[in-house]
Amino acid sequence: AANNSSVNAFMDLRKIRKQQRNKWRSTISVWWKMIEINDSRLATVLRFKQYQEKKVHEELVQLLRTKEREQAVLLELNDKRETAMTDAIRTSKARVTELQTSRAFLRTLSREIQQKEKKVGDIQLQENDKREELVEKTQSKQMVDNLEQRRQAELRKDLDRREQRLIDVLAQRVRLEF
């Protein structure tokens, strides 16, 4: 009979511990839900900052592509001008009308080259501005991300403290029951 009562006491103890674990798990679950609800505020800000950073990065990439195209056109124009000047020198003994045509063509090419150089310079300035803006957006996003990480660490510490208190209370109840 004594053996049977100790088995029943052991079984009761197991039931109590299982109930306490389930209660503890549900309490932890509620805490995590509270954390998730509170996270939505910073998560929204962080997503917005990431979107801003991505948008500025895409704009910078587009500027770089435009700059590369303009530089390619500029190289072509410079090559044309060199070729035209070489041809003009070779045909310097040609007729006056051909020389006038070559000269007008060279002037036009020179103007186009100046315009393209100005455009490439403008794009370079825009590129520099976009790079600065990208750095600002990245820093801003990083700041929010750091805040989020700190907040998560604080929440984890708080949760760990609450969990430890709950474990201590449960352990104390178990000791009192025996």
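Here is a short report on the structure shown in this document. Predicted model, so just to flag it, every value in this text is computed and none were measured. (Residues numbered from 1 in each chain as written. Predicted model: local features only at pLDDT ≥ 70, side-chain atom pairs only at ≥ 80, totals over all residues. Heavy atoms only, no water.)

A closer look at the overall build of the protein
Right, so step 1: When helices and strands are counted, the protein shows 2 helices and 0 strands.
Right, so step 2: A fraction of 92% describes how many contacts in the protein between residues 6 or more apart in sequence connect residues 24 or more apart.
Right, so step 3: Surface summary for the protein: the accessible area is close to 13700 Å², and the carbon and sulfur share equals 54%. (Helix = DSSP H or I, 4+ residues; strand = E, 2+ residues; numbered from the N terminus. Contact = heavy atoms within 4.5 Å. Areas by Shrake-Rupley, 256 points an atom, 1.4 Å probe, with all protein chains shown as cover.)

A look at the environment of Ser140
Right, so step 1: As for its placement among the helices and strands, Ser140 is situated in helix α2 (residues 96–177).
Right, so step 2: Sequence separation of Ser140 and Gln50 is 90 residues, and the distance between their C-alpha atoms is 9.3 Å.
Right, so step 3: A distance of 2.8 Å separates polar atoms of two side chains, one belonging to Ser140 and the other to Lys49. (Polar contact = N/O pair within 3.5 Å; in protein donor to acceptor, adjacent residues only side chain to side chain.)

Remarks on the pattern of salt bridges
Right, so step 1: Following the criterion strictly, the structure yields 10 salt bridges and no others.
Right, so step 2: Put simply, Glu127 and Arg131 hold a salt bridge, and the shortest N to O gap is 2.8 Å. Here Arg131 and Glu127 lie together in helix α2, a separation of 4 residues that amounts to about one turn.
Right, so step 3: Judged by its relative accessible area of 5%, Glu127 falls in the buried class.
Right, so step 4: Note on Arg131: relative accessible area 39%, which makes it partly exposed.
Right, so step 5: One connected set of salt bridges, linked through shared partners, spans Glu59, Lys130 and Glu133. (Salt bridge = Lys/Arg side-chain N within 4 Å of Asp/Glu carboxyl O. Buried < 20%, exposed > 50% of the residue type's maximum accessible area, 1.4 Å probe, protein only.)

As for the side chain of Glu70
Right, so step 1: Relative to the helices and strands, Glu70 resides in helix α1 (residues 2–90).
Right, so step 2: Owing to a relative accessible area of 11%, Glu70 belongs among the buried residues under this scheme.
Right, so step 3: Apart from residues no more than four positions distant in its own chain, Glu70 is found in contact with Lys116, Lys119, Val120 and Ile123.

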